[in-house]
Amino acid sequence: VTGLAAGTYVSGRVFNLGPRDRLASHVYAVRSGNLTMCDMLTHDCTDAAQLTNDVFWRRLAPNVIRFSAQFNNGGVWTTAPPTDQADWMDVTSVRFALVSWRDFFEKDAITYSATTFPDASGNLNWAGGTMVVSGIANWDHYRYKLIESRVVLRNLIGGKNIPEAPAP
């Protein structure tokens, strides 16, 4: 951290967001039961002929069956990603959820109820809504895990350059 007196922070975490001279632009998708990522700066991720190309779509995690993201633009959450730079500058946070399943078929169907995860209808509720797994064949023979998080883009709020700390 620059511009702050030594000893200002006593604990915390530092995240590497990549080199300052290179913007990252990634697209994530669930393909064939894997969470995959395509780098928009090095590949044409919109090329339908490359959807199964492992060079374009790098596998990040196995046994992923659902992935959802939402963008907060001025207090309103939406699943539609911003379409231009001005819209991206208004995004204050992103929340996402990922559903994976245990890669083990239970011999007997699991009895899910209104208080289980998923519920009896195969719905997994998260802060952004509901993801449904009941459309998967034999969905009630698997166990699921939901991971959700929200990332606040505090240094980008409103596209303004917000200082790290108040001026002395």
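Relevant structure appears above.
Not measured: the values here are computed from a predicted model.

Draft legend 1. Quick peek at the pairing of strand β8 (residues 129–132). Note: strand β7 (residues 123–126) against β8, four bridges, orientation antiparallel. Each residue of the ladder has a partner; that of Leu-124, found in β8, is Met-131. Hairpin remark: β7 followed by β8, antiparallel, with two residues in the connecting loop.

Draft legend 2. Geometry of the pairing of strand β1 (residues 26–31). Summarising the sheet, β1 and strand β2 (residues 34–39) pair through six bridges and their orientation is antiparallel. Paired with Ala-29 across the two strands is Thr-36, which belongs to β2. Once β1 ends, the chain turns through two residues before running back antiparallel as β2, passing Ser-32 with a positive phi of about 50°.

Draft legend 3. Spatial organisation of the environment of Val-132. Along the chain, Val-132 turns up in strand β8. The exposure class of Val-132 is partly exposed, given its relative accessible area of 36%.

Draft legend 4. Structural context of the sheet that holds β2. Across the sheet, three strands lie side by side as β1-β2-β3; this open sheet has antiparallel pairing. The open sheet has two free edges, formed respectively by β1 and β3 (58–62), since each of these has just one partner strand. Adjacent strand axes in the sheet meet at a mean angle of 25° when their direction is disregarded. Where β2 and β3 come together, four bridges link them in antiparallel fashion. For Leu-35, the partnering residue across the bridge sits in β3 and is Ala-61.

Draft legend 5. Geometry of the side chain of Asn-72. Tracing the chain through its elements places Asn-72 in strand β4 (residues 64–73). Reaching out from Asn-72, the side chain makes a polar contact with the backbone nitrogen of Gly-75 at a distance of 2.8 Å. For Asn-72, the contacting residues outside a window of four places in its chain are Trp-77, Asp-90, Val-91, Thr-92 and Ser-93.

Draft legend 6. The nonpolar core, seen in detail. By size, the foremost hydrophobic cluster in this structure holds 14 residues, and its most contacted members are Ile-65, Val-99, Met-131, Val-133, Trp-139, Tyr-144 and Leu-146. Those elements giving two or more residues to this core turn out to be β6 (91–101), β7 and β9 (144–152). Excluding residues within four positions of it along the chain, Val-99 makes contact with Asn-63, Val-64, Ile-65, Arg-66, Leu-124, Met-131, Val-133, Tyr-144, Lys-145 and Leu-146. Ranked by size, the runner-up nonpolar core spans five residues in total, among them Cys-38, Cys-45, Phe-56 and Trp-57.

Draft legend 7. How the structure looks around the pattern of salt bridges. Tallied over the full model, the rule gives three salt bridges. Measuring nitrogen to oxygen at the nearest pair gives 2.7 Å for the salt bridge that ties Arg-59 to Asp-54. Here Arg-59 falls in the exposed class, since its relative accessible area comes to 52%. The residue Arg-102 makes a salt bridge to Glu-106 at a minimum N-O spacing of 3.6 Å. Overall, Arg-102 belongs to the partly exposed group, its relative accessible area being 46%. Among the charged side chains, a salt-bridge network with shared partners connects Arg-102, Glu-106 and Arg-143.

Reading the values: rules and limits
Residues numbered from 1 in each chain as written. Predicted model: local features only at pLDDT ≥ 70, side-chain atom pairs only at ≥ 80, totals over all residues. Heavy atoms only, no water. Pairing = 2+ DSSP bridges. Helix = DSSP H or I, 4+ residues; strand = E, 2+ residues; numbered from the N terminus. Buried < 20%, exposed > 50% of the residue type's maximum accessible area, 1.4 Å probe, protein only. Axes fitted to C-alpha atoms, helices over the stretch in contact; angles between N-to-C directions. Polar contact = N/O pair within 3.5 Å; in protein donor to acceptor, adjacent residues only side chain to side chain. Contact = heavy atoms within 4.5 Å. Core = buried A, V, L, I, M, F, W, Y, C linked by side-chain atoms within 4.5 Å. Salt bridge = Lys/Arg side-chain N within 4 Å of Asp/Glu carboxyl O.

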